[in-house]
Structure formats: structure tokens, C-alpha cells
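Summary of structural features
Each chain, letter by letter, is given below.
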Amino acid sequence: MSDYRLILFVTGEAPRSQRARANLDAALERLRAHDTGCEEVDLIQSPQRALDTGIFATPALALIDARGNQQLLYGDLSDDTRVDRFLTPVAGRHP
Amino acid sequence: MSVEMGTLQKRATGIVDLDTVTHGGLPARGVTLVLGDAGAGKTVLGLQILANAVAAGEGAVYVSFEESRDGVALDAASFDWGADLMASEHLAVIDARPPPGAAVAGGFDIEGLLTMVEAQAQALGAHWVVLDGIDRLLQLQPDAHQALFEVDRLRRWCEDAGLSLLFTGKTGGQQAVGNYFEGIEYLLDTVLILSARMANNRLNRRFRIGKYRGTAHVTKELAMVMDQRGIHLGHDTTALENPAPVSSRRLSTGIPRLDDVLGGGIYAGSTVLISGLPGTSKTTLVAQFAATCAERGERVLYISFDELADRIVRNVATTGIDLGAHRDSGRLTIIARQAWRAQVEEHYIHIIGLLNEMAPDFLVIDPISALLKASSEEDAMETNERLLQLARARGITCVLTSLSETGAPEGEATLSQASTLADAWISLAYHIQSGERNRTLSVVKARGSAPSNQVREILLSEKGLELADVYQFGTEVLMGTARLQKEMEARRAAEAEAAEREQRRQELARQIEQAESRIQEANSELQRLQNQLALEDQENARADRETTARQDDIQTQRTPRASERGGHSASGSGHDGSEQ
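All chains use their own residue numbering, which begins from 1 and follows the written sequence. Think of it this way: whatever chain is written first is A, whatever ligand is written first is 1, and the rest follow in order. Only residues with pLDDT of 70 or above have their local features reported here, since the model is predicted, and side-chain atom pairs are shown and tallied only from 80 upward, although totals for entire chains, interfaces and linings are computed over all residues. Side-chain numbers come from the whole structure's heavy atoms, not from hydrogens or water.

**Topic: the environment of Glu40 of chain A**
All names here are of chain A. Helix numbering and strand numbering both begin at the N terminus, where a helix is a DSSP run of H or I of at least 4 residues and a strand a DSSP run of E of at least 2. Following the sequence through the fold, Glu40 ends up in strand 2 (residues 37-42). Along the backbone, Glu40 and Val10 are 30 residues apart, and their C-alpha atoms lie at a distance of 7.2 Å. Whether two residues are in contact is decided by their heavy atoms, any of which lying within 4.5 Å being enough. Apart from the residues within four sequence positions on either side, Glu40 is in contact with Leu8, Val10 and Arg21.

**Thoughts on the sheet that holds strand 7 (residues 103-104) of chain B**
Pairing is mixed in the open sheet, where 5 strands are placed in the order 2(A)-1(A)-3(A)-4(A)-7(B). Of all the strands in the sheet, the pair left with one neighbour each is strand 2 of chain A together with strand 7 of chain B. The pairing of strand 1 (residues 5-10) of chain A with strand 3 (residues 60-64) of chain A spans 5 bridges and is antiparallel. Bridging from a neighbouring strand, Leu6 of chain A pairs with Leu63 of chain A of strand 3 of chain A. Note on geometry: axes are lines fitted to C-alpha atoms, helical ones only across the stretch in contact, with angles between N-to-C directions running from 0 to 180 degrees. Packed onto the sheet, helix 1 (residues 15-30) of chain A meets strand 1, strand 2 and strand 3 of chain A and runs at close to 160° relative to strand 1 of chain A. One requirement defines pairing of two strands: DSSP has to find at least two bridges between them.

**Let's talk about the interface of chain A and chain B**
Between chain A and chain B, the contact holds 24 residues from the first and 27 residues from the second. When two parts are brought into contact, each loses some accessible area as probed by a 1.4 Å sphere; the total of that loss over both is the buried area. For the pairing of chain A and chain B, the buried interface totals around 1,900 Å² over both sides, and the portion due to carbon and sulfur atoms is 60%. Considering only the surface of chain A that becomes buried against chain B, Arg16, Phe56 and Tyr74 of chain A emerge as the three largest contributors, covering 38% of it. What counts as a salt bridge is simple: a side-chain nitrogen of Lys or Arg found within 4 Å of a carboxyl oxygen of Asp or Glu. Counting every contact that joins chain A to chain B gives 1 salt bridge. Here Arg16 of chain A makes a salt bridge to Asp109 of chain B, at a shortest N to O gap of 2.8 Å. When contributions to the side of chain A that touches chain B are tallied by element, the ones reaching two or more residues are helix 2 (47-53), strand 4 (70-74) and helix 3 (80-86) of chain A. Put simply, Ala, Val, Leu, Ile, Met, Phe, Trp, Tyr, Cys and Pro go in the nonpolar bin, Asp, Glu, Lys and Arg in the charged bin, and everything else, Gly too, in the polar bin. Grouping the constituent residues of the side of chain A that touches chain B by class yields 14 nonpolar, 6 polar and 4 charged. Pairing analysis gives 2 bridges linking strand 4 of chain A to strand 7 of chain B, with the strands arranged parallel. Paired with Leu73 of chain A across the two strands is Ala103 of chain B, which belongs to strand 7 of chain B.

**Here we look at the packing of helix 5 (residues 111-124) of chain B against helix 7 (residues 144-161) of chain B**
Residues and elements named next belong to chain B. Packing of helix 5 against helix 7 leaves a shortest axis separation of 11 Å and a crossing angle of 25°. Our classification of the angle between helix 5 and helix 7 gives roughly parallel. In the packing of helix 5 onto helix 7, the handedness of the crossing is right-handed. Contact residues: Glu111, Leu114, Val117 and Glu118 in helix 5; Arg153, Leu154, Trp157 and Ala161 in helix 7. A class-by-class count of the residues in the contact of helix 5 with helix 7 yields 5 nonpolar, no polar and 3 charged. Every angle not falling under 35 degrees, over 145, or within 65 to 115 is termed oblique; those three ranges are roughly parallel, roughly antiparallel and roughly perpendicular. Whether a crossing is left-handed or right-handed is set by the direction in which the near helix is turned from the far one by less than a right angle, anticlockwise for left-handed and clockwise for right-handed.

**A look at the packing of aromatic side chains**
Residue and element names in this part refer to chain B. Two aromatic rings, drawn from Phe, Tyr or Trp (for Trp, its six-membered ring), form a pair once their centres lie within 6.5 Å of each other, and the interplanar angle then sorts them: stacked below 30 degrees, edge-to-face above 60, tilted otherwise. Per the stated rule, a full pass over the model turns up 2 aromatic pairs over all chains. For the pair Phe79 and Trp81, a centre-to-centre distance of 4.8 Å together with 5° between the ring planes defines the contact as stacked. Buried means the residue's accessible area, taken with a 1.4 Å probe over protein chains only, is under 20% of the maximum for its type, while exposed means over 50%, and partly exposed covers the values in between. What makes Phe79 buried here is its relative accessible area of 9%. The ring of Tyr267 is capped by Arg250, whose NZ or CZ atom sits 3.9 Å from the centre of that ring. Remark: a charge is flagged as sitting over a ring if the NZ atom of Lys or the CZ atom of Arg is within 6 Å of the ring centre and within 35 degrees of the ring normal.

**Considerations on the sheet that holds strand 25 (residues 464-468) of chain B**
In a beta sheet, neighbouring strands pair by backbone hydrogen bonds and run either parallel or antiparallel. All names here are of chain B. Pairing within the open sheet is mixed, and its 9 strands lie in the order 19-18-20-21-17-22-23-24-25. Of all strands in the sheet, those with a lone pairing partner are strand 19 (332-336) and strand 25, marking the two edges. Here the average twist between neighbouring strands, direction ignored, is 25°. The sheet strands contacting helix 12 (residues 309-317) are strand 18 (300-304) and strand 19, and the helix crosses strand 19 at an angle near 125°. Along the sheet, helix 18 (residues 480-558) contacts strand 22 (424-433), strand 23 (436-446), strand 24 (456-461) and strand 25; its crossing angle with strand 23, the most-contacted strand, is approximately 90°.

**Points about the nonpolar core**
What makes a nonpolar core is a set of buried Ala, Val, Leu, Ile, Met, Phe, Trp, Tyr and Cys residues whose side-chain atoms join them at distances within 4.5 Å. Tyr74 of chain A together with Val63, Leu113, Leu131, Ile134, Leu154 and Phe167 of chain B are the most contacted members of the largest nonpolar core, which totals 48 residues. Those residues in contact with Ile134 of chain B, other than ones at most four positions away along the chain, are Phe65, Ile110, Leu113, Leu154, Phe167 and Thr168 of chain B. With 39 residues, the next largest nonpolar core counts Ile255, Ile274, Leu332 and Leu441 of chain B among its residues.

**Points about the side chain of His232 of chain B**
Residue and element names in this part refer to chain B. By the element assignment, His232 lies in strand 14 (residues 230-233). Distance and chemistry together define a polar contact, namely a pair of N or O atoms within 3.5 Å, with one atom able to donate a hydrogen and the other to accept it when in protein, and with adjacent residues in sequence counting only for side-chain atoms on both sides. For His232, the side chain forms a polar contact with the side chain of Asp227, separated by 2.8 Å. Setting aside its immediate chain neighbours within four residues, His232 contacts Asp17, Ala223, Met224, Val225, Asp227 and Ile349.

**Observations regarding the pairing of strand 17 (residues 271-276) of chain B**
Residue and element names in this part refer to chain B. In terms of residue burial, strand 17 counts as a mostly covered element, since 6 of its 6 residues are buried. Two elements, strand 17 and strand 21 (residues 397-403), share 6 bridges in a ladder whose sense is parallel. When the bridges of strand 21 are listed, Ser275 appears paired with Ser402. By the bridge criterion, 4 bridges tie strand 17 to strand 22 in an arrangement that is parallel. Across the sheet, Val272 pairs through a bridge with Ala424, a residue of strand 22.

**Focus: helix 2 (residues 42-55) of chain B**
Residue and element names in this part refer to chain B. The span one expects for a helix is its residue count, reduced by one, times 1.5 Å. The terminal C-alpha atoms of helix 2 lie 20 Å apart, and with 14 residues this matches the ideal 20 Å at 1.5 Å per residue to within 8%. Most of helix 2 is tucked away: 12 of the 14 residues are buried. Residues of helix 2 that are buried: Lys42, Thr43, Val44, Leu45, Gly46, Leu47, Gln48, Ile49, Leu50, Ala51, Ala53 and Val54. Two residues or fewer after helix 2 comes Gly57, characterised by a positive phi angle close to 90°.

**Comments concerning the pattern of salt bridges**
Opposite charge on two side chains permits pairing when their charged atoms draw close. The tally for this structure, following the rule as stated, stands at 31 salt bridges over all chains. A salt bridge links Arg327 of chain B to Asp310 of chain B, with the nearest nitrogen and oxygen atoms 2.7 Å apart. Here the residue Arg327 of chain B occupies a position in helix 13 (residues 323-329), and Asp310 of chain B occupies one in helix 12, the gap between them amounting to 17 residues. Residue classification places Asp310 of chain B among the exposed positions, given a relative accessible area of 54%. One salt bridge in this structure joins Glu546 of chain B and Arg542 of chain B, with 3.0 Å as the shortest N-O distance. Taken together, the positions of Glu546 of chain B and Arg542 of chain B, both in helix 18 and 4 residues apart, correspond to about one turn of that helix. Salt bridges sharing common partners tie together Arg16 of chain A together with Asp109, Glu111, Glu150 and Arg153 of chain B.

Have a look at this one:
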């Protein structure tokens, strides 16, 4: 198991949210990081989560390490270079 | 809370000045963009509106993209309403700062935010929502058009949700910073523009309604001042729209001779300017006016820019003017302000506040020249003019003093600015003569009166201030010792002349008496002569008769028969002649 976990914040079935889901899947595939735990939070269903985490723009991807430190990447994850750089800690562990 | 204005529904902000210039408030269902420099007061504007809403029993939602909850509390703590606002359970403060180091990979939107805010607003019964510093989030958008799209989303959202939304954005100068807000002004119907610029080393805040589609509003750039009560705008049209009726009532100045010079006193509700060099008794004169008003039972507000209140009271007490008693009775309030401490607009707004609070009949500004010289980005003159217009519209009698500039070539003309504001202008000066410095007073103008053009000397004593007639010596006027001396000379000359006249009169009277006695003498002489003449006539007649009788006798003796015998005709004619 990875020391990291991911949370993808979306708003329902909005096109941008759907793109983000697909882009995240593709990135994890590309980086061979499929075993990284990934949770999806729909802010429309649970607005309280936005309050708790302080994340109000969607889609947004949070990367949380074992000590609870969080890194955040806004957007639909369409920029591969930036996504790959963001996901470097979880990449290529199981070649 | 909402006001029907044509088709646009407005919601009062509870900030009186803002509701005045917007003619009722901000859109009841819609977005108001507040653009402004750092420190221009965007956050305070938002917080104050929410404080008013909370105080009125409504809910309020405040989303900060720049500050923590503690930071917001600190901002609010500077104001009277801050503590109540932050303690209220009707207020939701949401810390929406993007996490440090947040990166972007592709477009995003704020739908999650709006969902959350709407849920909060519903739970609290809030009509007002403030998104403070949302540009911090939107500028992360890789695509500027996407940011605009998000703003449009906001607009549609609050129209649907029936919320009044205020969101703020930073500007550089008058333009929105960066291209992520470019065109945002065109997208929105209501834009308020705040600015904070340095003028004469002071922060100068300005407010302007950049745009308010669908409603009348004030378009002028206004001064914006913050004090512990919050935001004030230098604008009040309410009194100007319903001015007090013009009065022809004359108010005594407390100096009878000055009242005479002014044609019976100053008009109630008029503005009087008293100008002069330092030490020409401007304050004493104005204190005399103020004391006279207070004695009549009027409320007097005395704003001093030079001196502390207690010092004024002490100083004028030496000339017998007891301001202390009037202050104790509550009819006189002296407010001392330091001109350099604030901009003209701040003084203006403070004074307006005092006028509202106290509703004085009589306003003293001593000196107004301090206000004219106080730092201001715009024309200080205009601000003064507005203040005096307002006072006039409320029927307040104003007395302003103005310090003349020493060494100015035009002398009194340098005051022409201030003097245009005044209905009457009293000029105080020194008159240096024979090694003396005497104070003089002259009335330069007095609208609605025919003032005397004569310069008069001011006499100060422990019994107050009085005017003396000046002594005219040829083309010169004499004052002080020279006047006293001249007056004494004149008195002596007059006495001498009077004595001489009296002497002459007595002489003439004596001559008349003499003439009369001569007439009397002449009359008695006349009488005597007449008597003598009459006597002599009688005497002569008697003598004549005796002579005739004797002659007859002689004749008779000489020719007695001739006359008896027939010489009738000859002797008859002879008789006729002598007897007649």
C-alpha cells in the first residue's frame, strides 16, 4: 500500500468532473500507481466536506501523505505534465 | 428590506450614505462587484453590510479567500459593530483560502462553493453573501475566459437563489488587475470602485459607483472615510433638497455698534466670515457672537482647529466673555480638532456627523482656513463649499474665521476664495501708527445690508469688546493714543470755540440792550420835543390872538366913525382878511 492517498473533489456529473475522473484514471495508469487509495467526494452531495477541507473549487485533487500533509491540484487534470509532476510521489513504485 | 425601484429590486445595505448614493441600496437579487486597491476598504464595506443585516436579525455569509477567520475578526474589531458581528451565530465565516502551493492542471469551477454557500444561506436565513478576494482563486484559472465564465455563473446563481452578493476584486489604479478580470465590468450590472491613494503623505480613500444599471445613482467620485462606526461617504443631499426658508431675522452680535454697522445684526441662517492676521481678535469676536447666541438660548457648536477648548474658554474670559457657563449649561459645545490629523473630507464628514447629532442653531469654524489648507486630493474649497451649503440649507447661522496670510501681496484678496462662501465679511486688521498697534474692524461686504464703509477701532476690556469711532484727520484715520490725543485737542478747541461764542453772544446782547436804551432815550426826547412844540404852538396862537385884538383896538380908536358911518365896503374887506 502507498503511504499516500488521493481525494478527488467533484460536483456531480458536471462535464468537467467527468473529465477529471477520466484524466485521473489515465494518469494513474500511466504512472503505474493504481494501488494508491483514491476517494471521490461530491460536494453537491456533501457540502460539509468542502467546509471541512477548505476546498471550494472543483474539480480538485488532494494528495495526502501519511502524516496528513495535503497537496492540492485544481482543474480537470487535462494538463498531463502538471498532473504527472503532482503525482510524482506515488508514481512508478510497482514497475 | 428590499425597495421597489422600477423593475430593479434593491436591498438596503444599512450604510446610510451608501443607501443614499445608490438611491435605496444594492440589487436584491444580483451581484455587486466591489473593485478596489489594497486597503481601499472593500473588506470593511462587506463586513459592515453583514453587521447591519445581523443586527436586523438576518443571517449573513462571509467567505474569505484571503484571510483566516481570526484575520477577519481582527478587521472587524476596529469597529463598534465588529464584536457583535463576529460573536453572532447568524454569521457564517468561511475560510476559503486556496491551500498554499496549490497547483492547477486544467479548468475548474466554483460550483462546489456555490452549493455550499447556498446551503449556509438557507440554514441561516441570510440574504447577504460576501465573497471577499475571490480573485485569489479565480486567477488560478489557466484561461481568462474561464474566470469570466465563473463570474457569470455567480451572477446567474444569486439571481436564482434570490441573494444579494457582494464580491470583491483588486485593482491596480482604476483597472482590474491582470487579464483574469478583464471585461468583468461589462459583464456585471453593478460595480463599485474604491481607491486608496496617497495625497500629501496621507491615505486618501475614494468611492465611486462605476456602474449601476437600471437605476438612478450618484456618479461623482466621493470621499470615503472610515471611523469606528464604519464607512462614511462625503455626500448628503437630503438637506440640500429641502432647504430651510430664508430668514430676514437679524441676530445681534452682542456688540451694539457692530450691529449698527451691519444694518441691525447678522441675518439668521447666513454665513459670516471674519478674516484677519494672527492676534487681531478673531476668536474674541467670534466668542462674543457665540456667547450672545447661547444667551438667547440657541445651541452653539464651536469647532476649533487652532486651540484646545479649555484654552479658548480661558483666553476669552479675560475679555469678560463667559463661554464656560454656556458650556456648562449645554448650549455651547466646543470641539477641538487638529487640522493636520485628517483630510478635509474626514473633517467634513465628522462635522456633518456633529451637525446631525447636535442640530445646532449656530456653527463656528475657527478657523476655516485650516480646513482650506488641510490635505486633500480634491479641491478643499469644494468640500468647504459643500459643508456650508449644507449648513445653510439647514438654516444654521455660520461664523467662520480665516487667518490672513502674512506677507501676501494682495492682503485681503488672498481670502477671496473663502469670502465667496460668506454673506457678510468682517475684516480685522492692525493699524500701526505712532509706534502703536491698534486693532481695527471694517465690514467688507454684507449681502442684504448697506454696511458702513468706515473702519472702526476695536477696544478690548474686561467688560468685553466694543467699537470706537475712529478719528478722521484729513484723509487719515487716527486710532489709539493718536485718536485720544486728537480727541482731546478737538475737545479743547471745541470748548474754546464755545466760550468765544458765548462771549460774542453776550457782547451782542449788551449792544442790543444799549441800542434799546438809546431808542428809549430818543423816544422820550421825541415826546419832549413834541410836547414842547405843542406848547409853543398854543403859546404862539394865543400871542397872535392878543396881537390881533390889540391892532383892532388901535384901528377902532383911530377910525371909529369912518367905520360906523359908511365906509362899509373898504373896511369890510379889511375885516375879512384879518379874521380869516
